[in-house]
Amino acid sequence: MSTDGQHVGELHTLTLDPGTGELETLVVNTERSAIFGIEEREDGRIVLPAEVLENVREQLIVSPPNRA
């Protein structure tokens, strides 16, 4: 879910940095062609940076990445 209450998609996988164990990306199965301006890959999944993760409850809550 996004912070504005919209369904984003289903979490496919998470990627972690093997050296630090820190979360790097969220890979999402979705019906959308883009989320937060990030377009889908050829396999139809969207790879979001870890910084979008706002909260973890019954659902993951995501917000747009900080585009500095």
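Provided above is the structure to which this section pertains.
Reading guide: rules and limits
Position numbers for residues count from 1 along each chain, tracking the sequence in the order it is written. Residue-level local features of this predicted model are given only where pLDDT is at least 70; pairs of side-chain atoms are given and counted only at 80 or more, and the full residue set underlies all totals for whole chains, interfaces and linings. No hydrogens and no water enter the side-chain calculation; it runs on all heavy atoms of the structure. Starting at the N terminus, helices and strands are each numbered in turn, a helix being any DSSP run of H or I of at least four residues and a strand any DSSP run of E of at least two. Based on C-alpha atoms, the radius of gyration is set beside the globule rule, defined as 2.2 Å times the residue count to the power 0.38. Throughout this description, buried means an accessible area under 20% of the type-specific maximum (1.4 Å probe, protein chains only), exposed means over 50%, and partly exposed covers the range between. Pairs of residues are marked as contacts when any of their non-hydrogen atoms sit within 4.5 Å. In protein, a polar contact requires one atom able to donate a hydrogen and another able to accept it; more generally it is a pair of N or O atoms within 3.5 Å, and residues adjacent in sequence count only if both atoms are side-chain atoms. Buried residues of nine kinds, namely Ala, Val, Leu, Ile, Met, Phe, Trp, Tyr and Cys, make up a nonpolar core once their side-chain atoms join them within 4.5 Å. Strand pairing is assigned whenever DSSP identifies at least 2 bridges connecting the two strands. Axes here refer to lines fitted to C-alpha atoms; in helices the fit is confined to the stretch in contact. Angles between the N-to-C directions go from 0 to 180 degrees. Here, a salt bridge means any side-chain nitrogen of Lys or Arg that lies within 4 Å of a carboxyl oxygen of Asp or Glu.

A. Geometry of the overall build of the protein chain. Along its length, the protein chain carries zero helices and seven strands. Order of helices (α) and strands (β) in the protein chain, N terminus to C terminus: β-β-β-β-β-β-β. Against the compact-globule benchmark of 11 Å for 68 residues, the protein chain has a radius of gyration of 12 Å, which places it among compact chains. Counting only C-alpha atoms and orienting by the principal axes, one finds that the protein chain spans roughly 35 × 30 × 30 Å. Buried residues in the protein chain amount to 24% of all 68 residues. Pairs at least 24 apart in sequence give 30% of the contacts found in the protein chain among residues at least 6 apart.

B. Representation of the side chain of T25 in the model. Assignment of secondary structure puts T25 in strand 2 (residues 23–29). When its relative accessible area of 18% is taken as the criterion, T25 is described as buried. A distance of 2.3 Å separates the side chain of T25 from the side chain of T15, its partner in a polar contact. When neighbours within four sequence positions are excluded, T25 is seen to be in contact with T13, L14, T15, V47, L48, P49 and A50.

C. Structural view of the nonpolar core. With nine residues, the main nonpolar core is built from V8, L26, V28, I35, I38, I46, L48, V52 and V62. Mapped onto this core, the elements with two or more residues apiece are strand 2 and strand 5 (45–49). Those residues in contact with V52, other than ones at most four positions away along the chain, are L26, F36, I61, V62, S63, P64 and P65.

D. Layout of the sheet that holds strand 5. Overall, antiparallel pairing links the three strands, which are arranged 1-2-5 in an open sheet. Each edge of the open sheet is held by one strand with a lone partner, namely strand 1 (10–16) and strand 5. With direction set aside, neighbouring strand axes in the sheet form an average angle of 25°. Examined bridge by bridge, strand 2 and strand 5 share five bridges and lie antiparallel to one another. Paired with T25 across the two strands is P49, which belongs to strand 5.

E. Main features of the pattern of salt bridges. Considering all chains together, one arrives at two salt bridges under this definition. Between R45 and D43 there is a salt bridge, with the nearest N and O atoms lying 3.5 Å from each other. When its relative accessible area of 22% is taken as the criterion, R45 is described as partly exposed. Its relative accessible area of 42% is what places D43 among the partly exposed residues. Through salt bridges with shared partners, a single ionic network connects R41, D43 and R45.

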